[in-house]
Amino acid sequence: MKRLIEDIQQSLEEFADEKRIEFAKKSYPTRMQVIGVSVPNLKIVLKELKKETKLFETKEKLELIKGLVDKEIFELQQIAFEYLQSQKDLYNSLTKGYIESIEKNLDNWLSVDSFAIMIVGCAWRENSIGTEKVEHYLTSDNHWMRRIGVVATVSLNLKAKGGLGDSKRTLAICRKVVDDHHDMIVKALSWALRELSKTDRESVELFLEEYEDRLHKKVLREVRKKLDTGLKN
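The notes below deal with the structure included here. Throughout this document, residue positions are counted from 1 along each chain, in the order its sequence is written. The model is predicted, so local features are restricted to residues of pLDDT at least 70 and side-chain atom pairs to those at 80 or more, both for listing and for counting; the totals for chains, interfaces and linings are taken over all residues. Excluding hydrogens and water, the side-chain figures rest on all heavy atoms present in the structure.

Looking at the overall build of the chain
Consideration 1: Secondary structure elements are taken from DSSP: a helix is a run of H or I of four residues or more, a strand is a run of E of two residues or more, and numbering for both begins at the N terminus. Across its full length, the chain holds 14 helices and zero strands.
Consideration 2: What you see in the chain, going N to C, is helices and strands ordered as α-α-α-α-α-α-α-α-α-α-α-α-α-α.
Consideration 3: Considered along the principal axes of its C-alpha atoms, the chain spans approximately 55 × 40 × 35 Å.
Consideration 4: Each of the 233 residues in the chain was classed as buried or not, and the buried ones make up 51%.
Consideration 5: Contacts are assigned to residue pairs that have any heavy atoms within 4.5 Å of one another. For the chain, contacts bridging at least 24 residues in sequence account for 71% of all contacts bridging at least 6.
Consideration 6: Calculation of accessible area relied on Shrake-Rupley with a 1.4 Å probe; when residues are assessed, cover is drawn exclusively from the protein chains displayed. Total accessible area on the chain stands at roughly 11800 Å², and carbon and sulfur atoms take up 48% of it.
Consideration 7: Across the chain, 41 positive and 39 negative side-chain charges occur, with their mean positions spaced 3 Å apart. Burial classes: relative accessible area under 20% of the type maximum marks a residue as buried, over 50% as exposed, and values in between as partly exposed (1.4 Å probe, protein chains only). When charges are counted, Lys and Arg are positive and Asp and Glu negative, with His and the chain ends excluded. Lysine's charge is taken at NZ, arginine's at CZ, aspartate's at CG and glutamate's at CD.

Here we look at the nonpolar core
Consideration 1: If you look at the biggest cluster of nonpolar residues, it comprises 74 residues, and the most contacted ones within it are Ile8, Leu12, Phe115, Val120, Ile148, Leu193 and Leu215.
Consideration 2: At 10 residues, the largest contribution of residues to this core is made by helix H7 (residues 109-125).
Consideration 3: Not counting residues up to four positions away in its chain, the partners in contact with valine 120 are Ile99, Phe115, Ile129, Val134, Tyr137, Ile148 and Ala152.
Consideration 4: As used here, the term nonpolar core means buried Ala, Val, Leu, Ile, Met, Phe, Trp, Tyr and Cys residues forming a set that is joined through side-chain atoms within 4.5 Å. One finds Ile21, Met32, Val34 and Phe74 within the second-largest nonpolar core, a separate group that totals six residues.

Description of the layout of surface pockets
Consideration 1: A pocket, in this scheme, is an open set of points on a 1 Å grid over the protein atoms alone with protein on both sides within 12 Å along at least 5 of 7 lines, while a cavity is a set where a 1.4 Å probe fits but cannot get out; residues line either one if an atom lies within 4 Å of a point. Grid points are joined across faces, edges and corners, and a volume is the space filled by probe spheres set on the points. The calculated volume of the largest pocket comes to roughly 280 Å³.
Consideration 2: Taken together, 17 residues make up the lining of the largest pocket; nearest its centre are Val39, Leu42, Gln78, Glu82 and Leu110.
Consideration 3: Secondary structure elements with two or more residues in the lining of the largest pocket: helix H3 (39-52), helix H5 (74-86) and H7.
Consideration 4: With five residues, the single largest contributor to the lining of the largest pocket is H7.
Consideration 5: The classification used treats Ala, Val, Leu, Ile, Met, Phe, Trp, Tyr, Cys and Pro as nonpolar, Asp, Glu, Lys and Arg as charged, and all other residues, Gly among them, as polar. By residue class, the composition of the lining of the largest pocket is nine nonpolar, three polar and five charged.

Brief notes about unusual backbone geometry
Consideration 1: Here the phi dihedral of glutamate 72 falls at roughly 60°; this positive angle occurs in a residue that is not glycine.
Consideration 2: Its relative accessible area of 45% is what places glutamate 72 among the partly exposed residues.
Consideration 3: For asparagine 105, which is not glycine, the phi dihedral falls at a positive 60°.
Consideration 4: Mapped onto the secondary structure, asparagine 105 falls in the loop between helix H6 (96-101) and H7.

Looking at the side chain of glutamine 9
Consideration 1: Counting through the fold element by element, glutamine 9 comes out in helix H1 (residues 2-13).
Consideration 2: We classify glutamine 9 as buried; its relative accessible area is 14%.
Consideration 3: Other than its neighbours up to four places away in sequence, glutamine 9 contacts Ile35, Lys71, Ile73 and Leu76.

Points about the pattern of salt bridges
Consideration 1: Salt bridges are defined as contacts in which a side-chain nitrogen from Lys or Arg sits within 4 Å of a carboxyl oxygen from Asp or Glu. One pass over the full model with this rule turns up 19 salt bridges.
Consideration 2: Note that aspartate 7 and arginine 3 form a salt bridge whose closest N and O atoms lie 3.4 Å from each other. Here aspartate 7 pairs with arginine 3, and both are found in helix H1, just four residues apart, close to one helical turn.
Consideration 3: Relative accessible area serves as the criterion here: at 29%, aspartate 7 is assigned to the partly exposed category.
Consideration 4: The exposure class of arginine 3 is exposed, given its relative accessible area of 60%.

Remarks on the environment of asparagine 142
Consideration 1: By the secondary structure assignment, asparagine 142 is in the loop between helix H8 (131-137) and helix H9 (143-151).
Consideration 2: A relative accessible area of 33% means that asparagine 142 is categorised as partly exposed.
Consideration 3: Counting along the chain gives 33 residues from asparagine 142 to tryptophan 109, while the straight-line C-alpha distance between them is 13 Å.
Consideration 4: Side-chain atoms alone can form a polar contact between residues adjacent in sequence; in general such a contact is a pair of N or O atoms within 3.5 Å, and within protein one must be able to donate a hydrogen while the other accepts it. Here the side chain of asparagine 142 touches tryptophan 144 through a polar contact of 2.7 Å, landing on its backbone nitrogen.

Re the packing of helix H11 (residues 167-175) against helix H12 (residues 183-196)
Consideration 1: In the contact formed by H11 and H12, the axes pass within 11 Å of each other and the chain directions differ by 160°. For the element pair H11 / H12, the angle class is roughly antiparallel. Regarding H11 and H12, the two cross each other, and that crossing is left-handed. Only Leu189, Ala192, Leu193 and Leu196 of H12 make contact with H11, whose side of the interface consists of Ser167, Thr170, Leu171 and Cys174.
Consideration 2: For the contact of H11 with H12, the per-class residue count stands at six nonpolar, two polar and no charged. Here an angle of 0 to 180 degrees is reported between the N-to-C directions of two axes, which are lines fitted to C-alpha atoms, with helices fitted over the stretch in contact. Orientation labels follow simple angle bins: below 35 degrees gives roughly parallel, above 145 gives roughly antiparallel, 65 to 115 gives roughly perpendicular, and whatever is left gives oblique. With the far helix as reference, a near helix turned anticlockwise by less than a right angle produces a left-handed crossing, and one turned clockwise produces a right-handed crossing.

Now the structure itself:
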């Protein structure tokens with residue numbers, strides 16, 4: 001496994017681009033090492049990895065994902081999250097403990113949102129973890145952890161990720177952060193409600209009406225704009 005991870009890293013390094021590194025520093029600064037690989041090139045490496053591990057057992061795939069995350073390299077972390085999402089059968093094997101073992105280096109919006117949607121949200125949707133795990137993120141002093149809990153609801157409602165719509169669980173989380181006006185939470189809450197509005201417009205309208213005096217103005221403005229202009233995007 002160690003050799004495979006080294007090979008993946010080497011493949012990524014062949015695509016290293018200084019301009020991409022500078023872009024990362026400005027767009028999603030992180031303590032992790034950044035190789036500087038564009039999304040299209042990242043997907044090339046991911047495609048090869050999926051071929052190489054086609055015959056891997058579930059245990060080996062989970063070991064690989066954790067090994068990639070443990071390297072503390074941004075692109076390897078992204079590969080790990082993308083790989084897990086591509087292996088739909090793995091969600092049935094995810095546990096609260098395993099998720100917590102890869103819950104590290106989440107110090108920027110891109111890593112956080114990827115982890116929230118591809119790992120936590122999908123595992124929650126498939127009932128591999130319970131709502132209490134998602135709610136626990138909201139109790140953290142770290143705004144990135146709280147954002148995970150809110151963004152995880154997107155997986156319940158985003159059709160492109162397999163979501164069918166889940167007003168009950170989505171709004172249960174949203175209610176817990178109506179008074180959290182940290183910018184990262186405000187943006188996440190707006191996103192969560194806009195995504196839910198595509199499948200349950202009425203519930204979102206009622207939510208805005210009920211909490212109008214407590215919600216950040218940005219949430220009210222963005223979600224109402226979404227409701228007024230249509231639900232296609």
